[in-house]
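Here are the chains, one letter per residue:
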Amino acid sequence: MEKQLLLGDEAIAQGALDAGLSGIYAYPGTPSTEITEYVEHSRQARETGVKYSWAANEKTAMEGAIGMSYAGKRAMTCMKHVGLNVAADAFINAAITGANGALVVVAADDPSMHSSQNEQDSRFYGKFALVPIFEPSNQQEAYDMTYDAFAFSEKYKLPVMIRITTRLAHSRAGVARRPALPQRKGNLPEDMRQFVLLPAIARRRYKQLLKTHYDLVAESEKSSYNLYFEGKDKSKGIIACGLAYNYLMENLAGKDVSYPILKISQYPIPRKMIEKICSDCKEILILEDGYPMIEELLRGYLNTGVTIHGRMDGTIPRDGELNPNIVAVGLGFPDTRGPEVPDFMVGRPPSLCAGCPHIDTYVALLETLEQYSKGRVFSDIGCYTLGALAPFEAINSCVDMGASITMAKGAADAGLTPAIAVIGDSTFTHSGITGLLDAVNDKANVKVFILDNGTTAMTGGQKSAATGRIESICAGVGVDPAHIRVIKPLRKNREENVRIINEELAYDGVSVIIPRRECVVELNKKMRAKFAGKSNE
Amino acid sequence: MKKDIILAGVGGQGIISIATVIGYAAIDMGLHLKQSEVHGMSQRGGDVQSNLRLSDKVIHSDLIPFGQADIIISVEPLESLRYLPMLGPNAWLITSITPFKNIPNYPPIETILDKIRSLPNHVALDAEGMAKDLGSPKSANMVILGAASPFLEIPYEKLQQAIRAIFAKKGTEIIEANLKALQAGRDFKE
Ligand SMILES: Cc1ncc(C[n+]2csc(CCOP(=O)(O)OP(=O)(O)O)c2C)c(N)n1
Ligand code: SF4
């Protein structure tokens, strides 16, 4: 079959479609967004009636997928690594309920934090939940593993995790497809109490999960994704996980070295293979594009076993993503480097687009805040987080999605009033509404700016969950309608906007100010589509 | 055959269009290809690069190792220098000389150009100006691709075919404009 050029993310999406997917549920987040976008634009998905849904957040997405699995169809949910924190409650418990129709969870990690607040390694979540994990080393494996993950999930009636990292998610290569399978018809679970996690049932199901784990280890031992390459030179053995295997092969290609190599791409860890490489070799080099998970395990607390090199002894840097050069140095090969970057080089941080509505919001906000001491603006995650940088330097926090309102409330409780929250429309529906309810219930003196640009801009302009309903949601939560103010962030409106903001600052209670103007990137996209005389599909 | 190419620019400048044309031609020639892109935060006016790898053998890493790239193709002069450590011996640097100034501390353009000209293998051209002169300012990227074309080990006709195929939906006018831009870059002499 002819190969298709696909991003790692797209390979996952295509693998899922060919495996008979019925529904995909996701909240956008780099580097996972393109999986769901692929299904959104796929003709195959449209023609076979695959449901795709941009959920309000990762937890609702995960639960949607669990529901579809309950109803006997194949479901997938995709998120960035920190999204799994939001969905963790549902995820961990889904391992206890188990699946009916296949349930595949994709976690896209971002080592080196290209677009993230941290570089947590989702394999820990998979291990924590006791579910199998697939970690592809290239685009073809991303496709094949996803295809297989659905069958695997149905074989063991368990959720299956697929873990990828940024470089694979956002790199294209040729992928060969397999035959497309039909969707499942749907059926209720055989045991109608499978999904009822009352303690008595949960205990029984947990014991079952623990028992299944032995089978999963056995599967890992014989998996075609976990490979043991014998080598003559046993002075060193190499364990390479997921994408790290590719960097290893890049370095070994054409070289005359013959260390034993263990490639790990399916978890739980293949125990016997690990035992073999550790007993065969004098020392072990461990390559993981993430936290030193296997390394920590093999070292043990006392580090008295086989000699191990990796992130924890400095052979590989303790943080950040791997690359071919880091792996070369780890192998003891010479590093290669071109000319130095000239001294006059300067950074080019991302910035708000020219004409962005957030700019006018910040200009007006900063002007009104001149009357107060600094350090009272709690922000959130989205394009507007770039307001932290010059020339605005307007915000004082960005922690996790939704934290602006709740942190402002906590700070107001501590006496820092008025406290300001700045949150995007999509982030507000993701996890700001509940925080607003807290603020209303406690009559906190917080001023909540919901920056409504009509889209989820930071991740490329996905649908925002409550476009057109922000005011009614705030009123429904209990904000006094007299203190829900909509302004239009434009340079020419600055004076009026400043006046309105000042009025609300003078009010001791919860105010919501909604600066509303469309993201200019989205606006341009629409104009171009209109100009080209077709929809933007 | 192996060509490791760094494409460089500023988020929003559309470096991926260059990668798409080269990639199309490479696939047409039956080569292996890997192309990594930048999505996410840096796309908002930050520095962006794409690693494009072509080979007649299997390609493992999605990232080009430092010190092993064969060509840097940049649509912005300062950005072309950001990736110097990627360059291998005898590698080429092809860049536009039009600065994209969205930062307050952009270094003096003469300093940047002097550095570019001090490199043994470079082509520095006013791609924007040339594209404007051709009446199609949006095809500056194709001018740069044209200037890079002698170093790609891809027959020139293959690039032309790729442009025809990729822009097919946009009509003959756009195709012709892009082909002309490609040729102008190819003919460029410093
Ligand atoms: C838990 C979690 N999920 C997803 C993301 C990725 N993410 C960061 S910002 C953002 C969208 C923000 O949209 P919005 O609040 O409307 O602001 P805009 O970018 O449109 O200004 C997303 C999805 C994240 N950082 N954390
Ligand atoms: S993408 Fe939209 S919201 Fe984001 S900075 Fe640009 S204009 Fe502003």
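Predicted model only: the values in this text are computed from it and were never measured.

Engineer: Help me out: how do you make sense of the confidence of the model for chain B in this one?
Structural biologist: Should pLDDT be low for a region, the predicted coordinates there are not to be read in detail. For chain B, mean pLDDT is 95; residues scoring 70 or higher make up 100% of the total. If you check the scores for this complex, the pTM reads 0.96 and the ipTM reads 0.95.

Engineer: I'm lost on the site of ligand 2 in this one. Help?
Structural biologist: Ligand 2 sits among Leu352(A), Cys353(A), Cys356(A), His358(A), Cys383(A), Asn453(A), Ala457(A), Cys519(A), Val520(A), Val521(A) and Arg44(B). Site remark: ligand 2 is flanked by residues from chains A and B. Of the residues contributing to the shell around ligand 2, the split by class is eight nonpolar, two polar and one charged.

Engineer: Honestly, unusual backbone geometry in this entry has me stumped. Any pointers?
Structural biologist: Trans peptide bonds make up most of the peptide bonds, and negative phi angles are found at most residues other than glycine. Omega for the peptide link from Thr30(A) to Pro31(A) comes to 5°, which places this bond in the cis form. Mapped onto the elements, Pro31(A) comes out in the loop between strand S2 (23-26) and helix H2 (33-41). Between Ala390(A) and the following residue, Pro391(A), the backbone shows a cis peptide bond with an omega angle of 5°. Of note, Pro391(A) is situated in the loop between strand S15 (377-378) and helix H16 (403-413). For Lys157(A), which is not a glycine, the phi torsion comes out positive at approximately 55°. Looking at where Lys157(A) falls in the secondary structure, it is placed in the loop between helix H8 (139-156) and strand S7 (160-165). Residue Lys157(A) is classed as partly exposed on the basis of its relative accessible area, which comes to 33%. Unlike most non-glycine residues, Asn90(B) shows phi in positive territory, near 65°. Positionally, Asn90(B) belongs in strand S5 (residues 87-96).

Engineer: Help me understand the side chain of Asp452(A) in this model?
Structural biologist: All names here are of chain A. Note on placement: Asp-452 falls in the loop between strand S17 (446-451) and helix H19 (470-477). Side-chain polar atoms of Asp-452 contact the backbone nitrogen of Gly-454, separated by 3.0 Å. Beyond its immediate stretch of four places on either side in the chain, Asp-452 contacts Asp-425, Ile-470, Ile-514, Pro-515, Arg-516 and Arg-517.

Engineer: What exactly am I supposed to notice about the domain arrangement of chain A here?
Structural biologist: For interface size, the figure often reported is the accessible area lost on association. According to the domain assignment, chain A consists of domain 1 (3-222), domain 2 (227-331) and domain 3 (357-522). Taken over C-alpha atoms, the centre of domain 2 of chain A sits 47 Å from the centre of domain 3 of chain A.

Engineer: For this particular structure, what's the right way to read the nonpolar core?
Structural biologist: Where a protein is soluble and globular, its nonpolar side chains tend to be buried together. Residue and element names in this part refer to chain A. Judged by nonpolar contacts, the single largest core of 108 residues is most densely connected at Met-62, Met-76, Phe-91, Ile-239 and Leu-287. With eight residues, H8 is the largest single contributor of residues to this core. Split by domain, the residues of this core number at least three in each of domain 1 (3-222) and domain 2 (227-331). When near neighbours in sequence (up to four residues on either side) are disregarded, Ile-239 contacts Leu-262, Ile-264, Ile-274, Ile-277, Ile-284, Leu-285, Ile-286, Leu-287 and Leu-298. If you look at the next biggest cluster of nonpolar residues, it comprises 50 residues, including Ile-395, Phe-428, Val-440 and Cys-519.

Engineer: How do you make sense of the sheet that holds strand S2 (residues 32-36) of chain B when you look at a structure like this?
Structural biologist: Strands pair in a sheet through their backbones, by hydrogen bonds, and they do so in one of two ways: parallel or antiparallel. Ordered in space as S1(A)-S8(A)-S2(B)-S3(B)-S1(B)-S4(B)-S5(B)-S6(B), the eight strands form an open sheet in which the pairing is mixed. At either margin of the open sheet sits one strand with a lone partner, and together these are strand S1 (4-7) of chain A together with strand S6 (122-125) of chain B. Sheet twist, expressed as the average angle between the axes of neighbouring strands with direction ignored, equals 20°. Relative to S5(B), strand S4 (residues 69-74) of chain B runs parallel, the two being bridged by five bridges. Bridge pairing links Ser74(B) to Thr95(B) in S5(B).

Engineer: Just checking my understanding: could you explain helix H1 (residues 16-28) of chain B for this structure?
Structural biologist: In an α-helix, one turn spans 3.6 residues; hence positions three or four apart end up facing the same way. All names here are of chain B. Taking 1.5 Å as the rise per residue, H1 with 13 residues should run 18 Å; its terminal C-alpha atoms sit 18 Å apart, in good agreement. Residues of H1 that are buried: Ile-18, Ala-19, Val-21, Ile-22, Gly-23, Ala-25 and Ala-26. Elements in contact with the buried residues of H1: strand S1 (2-10), S2, strand S3 (47-55), S4, helix H5 (140-148) and helix H6 (156-166). Directly beyond the C-terminal end of H1, a positive phi value near 75° is found at Gly-30.

Engineer: Looking at this model, I keep getting lost on the interface of chain B and chain A. Mind explaining?
Structural biologist: Across the contact, 43 residues belong to chain B and 45 residues belong to chain A. Buried surface at the junction of chain B and chain A, summed over both partners, amounts to about 3900 Å²; 58% is from carbon and sulfur atoms. When the buried area of chain B at its contact with chain A is split by residue, Met41(B), Arg44(B) and His60(B) rank highest and sum to 21% of it. Across the chain B-chain A interface, the total number found is four salt bridges. Close ionic contact of Glu79(B) with Arg348(A) constitutes a salt bridge, the shortest N to O distance being 2.6 Å.

Engineer: Before we go on, may I ask you to explain the state of the cysteines in this structure?
Structural biologist: A covalent bond bridging the sulfur atoms of two cysteines is what the word disulfide describes. Residues and elements named next belong to chain A. Scanning all chains against the criterion turns up zero disulfides over all chains. Unpaired in terms of disulfides, Cys-241 finds its nearest cysteine sulfur in Cys-278, a separation of 12 Å. Here Cys-241 falls in the buried class, since its relative accessible area comes to 0%. Unpaired in this structure, Cys-278 has its nearest cysteine sulfur neighbour in Cys-281, at a distance of 8.0 Å.

Engineer: Looking at this structure, I do not really get the packing of aromatic side chains. What am I missing?
Structural biologist: For any two aromatic rings, the description comes down to two numbers: the centre-to-centre distance and the angle of the planes. For the structure on display, the rule yields nine aromatic pairs over all chains. Judged by centre distance (6.3 Å) and plane angle (10°), the ring pair of Phe229(A) and Tyr245(A) falls under stacked. Of this pair, Phe229(A) sits in strand S9 (residues 227-229) while Tyr245(A) sits in helix H11 (residues 244-252); the two residues are 16 residues apart in sequence, bridging distant segments of the chain. When its relative accessible area of 33% is taken as the criterion, Phe229(A) is described as partly exposed. Residue class for Tyr245(A) comes out buried when judged on its relative accessible area of 11%. Connected via pairs of aromatic rings, a cluster forms that spans Phe134(A), Phe152(A), Tyr156(A) and Tyr225(A). The ring of Tyr245(A) carries the charged tip of Lys263(A) above its face, separated from the ring centre by 5.6 Å. Above the face of the Phe66(B) ring, Arg337(A) is positioned so that its terminal group lies 4.3 Å from the ring centre.

Engineer: Any chance you could explain the site of ligand 1 here in plain terms?
Structural biologist: All names here are of chain A. In the region of ligand 1, 26 residues are neighbours, and Glu-58, His-358, Asp-425, Thr-427 and Ala-457 sit closest. Contact distances for ligand 1 include 2.5 Å between a nitrogen atom and a side-chain N or O atom of Glu-58. In this structure, an oxygen atom belonging to ligand 1 sits 2.9 Å away from a side-chain N or O atom of Asn-453. Summarising the interface, the protein chains cover 97% of the accessible area of ligand 1, which totals 590 Å² for the free molecule. Elements represented by at least two residues in the shell around ligand 1 include exactly helix H5 (81-86) and helix H17 (425-431). Here the element with the most residues in the shell around ligand 1 is H17; it accounts for four residues. Here the residues of the shell around ligand 1 are counted per class, giving ten nonpolar, 13 polar and three charged. There are two domains that each give the shell around ligand 1 at least three residues, and those are domain 1 (3-222) and domain 3 (357-522).

Conventions we followed
Residues numbered from 1 in each chain as written. Chains lettered and ligands numbered in written order. Predicted model: local features only at pLDDT ≥ 70, side-chain atom pairs only at ≥ 80, totals over all residues. Heavy atoms only, no water. pLDDT = per-residue confidence, 0-100. Near = heavy atom within 4 Å. Nonpolar A, V, L, I, M, F, W, Y, C, P; charged D, E, K, R; others polar. Helix = DSSP H or I, 4+ residues; strand = E, 2+ residues; numbered from the N terminus. Buried < 20%, exposed > 50% of the residue type's maximum accessible area, 1.4 Å probe, protein only. Polar contact = N/O pair within 3.5 Å; in protein donor to acceptor, adjacent residues only side chain to side chain. Contact = heavy atoms within 4.5 Å. Domains from an automatic or database assignment. Core = buried A, V, L, I, M, F, W, Y, C linked by side-chain atoms within 4.5 Å. Pairing = 2+ DSSP bridges. Axes fitted to C-alpha atoms, helices over the stretch in contact; angles between N-to-C directions. Expected span 1.5 Å × (residues − 1). Buried area = accessible area lost by both parts, 1.4 Å probe. Salt bridge = Lys/Arg side-chain N within 4 Å of Asp/Glu carboxyl O. Disulfide = S-S within 2.5 Å. Phe/Tyr/Trp six-rings, centres within 6.5 Å; stacked < 30°, edge-to-face > 60°. Lys NZ or Arg CZ within 6 Å of the ring centre and 35° of its normal. Areas by Shrake-Rupley, 256 points an atom, 1.4 Å probe, with all protein chains shown as cover.

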